[in-house]
Amino acid sequence: MQDNVMLITGAAMGLGLASAQTMAARGAKLALVDYNPTALAAAAAQLQAQFPDADILTVTADVSDEAAVKHYVAATVERFGRIDGFYNNAGIEGRQAPLTEYDVAVFKKVIDINLLGVYYGLRYVVPQMQKQQYGRIVNAASVGGIRGVLNQMPYVASKHAVAGMTKNAALEHGKDGILTNAIAPGAILTPMVAEAFRQVNPADPQAAEAQYASRNPTRRLGQPEEVGKLVAFLLSRDNGYVNGQVIAIDGGESNMYGNAE
């Protein structure tokens with residue numbers, strides 16, 4: 001990935017930051033996007049301290065705002081001249097509630113960020129990659145994009161949509177030298193997942209985490225750096241023929257039948 005330009009949304013924490021660390025270690029130039037300017041600045045400072053020679057651009061943007069997406073793509077091209085890899089990662093979980101009780105305003109927000117935000121990213125990154133006749137894209141789906149998850153209707157709907165958009169983009173733009181894939185992480189120990197465990201068991205979120213981990217074939221949760229390594233491969237020039245895939249990284253849990261109690 002030496003001197004390849006990698007654009008990452010949702011880069012201030014969690015899987016975005018872990019992937020940025022992996023890519024910086026491999027010599028990539030980074031364009032980091034997040035809606036939280038304070039967290040984004042802290043992430044960039046952390047990366048710069050770890051990798052003093054890293055070339056890093058930061059752009060504050062709300063991915064559900066089409067104009068903001070157009071801006072972060074333009075800013076990346078203006079700074080680096082190209083985009084080799086795009087980790088279309090920003091997303092939210094929303095709330096946990098039965099479908100008949102789900103707050104419609106929150107539902108719409110989840111769709112705006114997780115579905116339209118991913119679409120806008122594709123819409124404005126793909127033309128640049130077409131000019132280059134080269135590009136690698138990884139969209140953030142979820143195991144919620146390949147199966148159901150109790151009490152998370154809009155999240156599951158949005159992530160299934162991401163999986164579908166990934167397959168369509170792969171069909172439409174493989175001829176342009178652009179390979180598009182999605183990852184489907186399970187319970188990776190990120191701040192968003194930690195918050196989900198607090199919603200499940202406010203009195204003892206660690207108990208909720210332990211119970212969830214006990215159902216996994218590996219008997220543990222995944223670590224962000226494990227996802228970062230997968231993303232880095234899919235966005236690298238080592239990936240020459242993986243296209244249109246939704247790759248689960250969940251310890252094998254998505255192979256289980258039904259929802260274990």
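Above this text is the structure in question.
Residues numbered from 1 in each chain as written. Predicted model: local features only at pLDDT ≥ 70, side-chain atom pairs only at ≥ 80, totals over all residues. Heavy atoms only, no water.

Asker: Before we go on, may I ask you to explain the pattern of salt bridges in this structure?
Answerer: Pairing of side chains with opposite charge becomes possible as their charged atoms draw close. With the rule as written, the count across this model stands at seven salt bridges. As a salt-bridge pair, R198 and E195 come within 3.0 Å of each other at their nearest N and O atoms. In this pair, R198 and E195 both sit in helix α6 (residues 191-200), three residues apart, roughly one turn of the helix. Look at R198 and you get partly exposed, because its relative accessible area is 41%. What makes E195 partly exposed here is its relative accessible area of 34%. (Salt bridge = Lys/Arg side-chain N within 4 Å of Asp/Glu carboxyl O. Helix = DSSP H or I, 4+ residues; strand = E, 2+ residues; numbered from the N terminus. Buried < 20%, exposed > 50% of the residue type's maximum accessible area, 1.4 Å probe, protein only.)

Asker: How should I be thinking about helix α4 (residues 104-132) in this particular structure?
Answerer: One full turn of an α-helix is made of 3.6 residues, so residues set three or four places apart face in the same direction. With 29 residues, α4 should reach 42 Å at 1.5 Å per residue; the first-to-last C-alpha distance of 41 Å fits that figure. Largest kink in α4: about 35 degrees, centred on L116. For α4, the capping residue at the N-terminal end is D103, with a side-chain oxygen 2.8 Å from the backbone nitrogen of A105. Just beyond α4, the residue with positive phi is Q133, at close to 55 degrees. (Expected span 1.5 Å × (residues − 1). Bend = angle between axes of the 7 residues up to and from the residue. Polar contact = N/O pair within 3.5 Å; in protein donor to acceptor, adjacent residues only side chain to side chain.)

Asker: Whenever I open this one, the side chain of N4 confuses me. Can you help?
Answerer: Within the fold, N4 resides in the segment before β1 (5-9). Here N4 falls in the buried class, since its relative accessible area comes to 8%. Separated by 3.3 Å, the side chains of N4 and R237 make a polar contact. When neighbours within four sequence positions are excluded, N4 is seen to be in contact with A28, K29, D84 and R237. (Contact = heavy atoms within 4.5 Å.)

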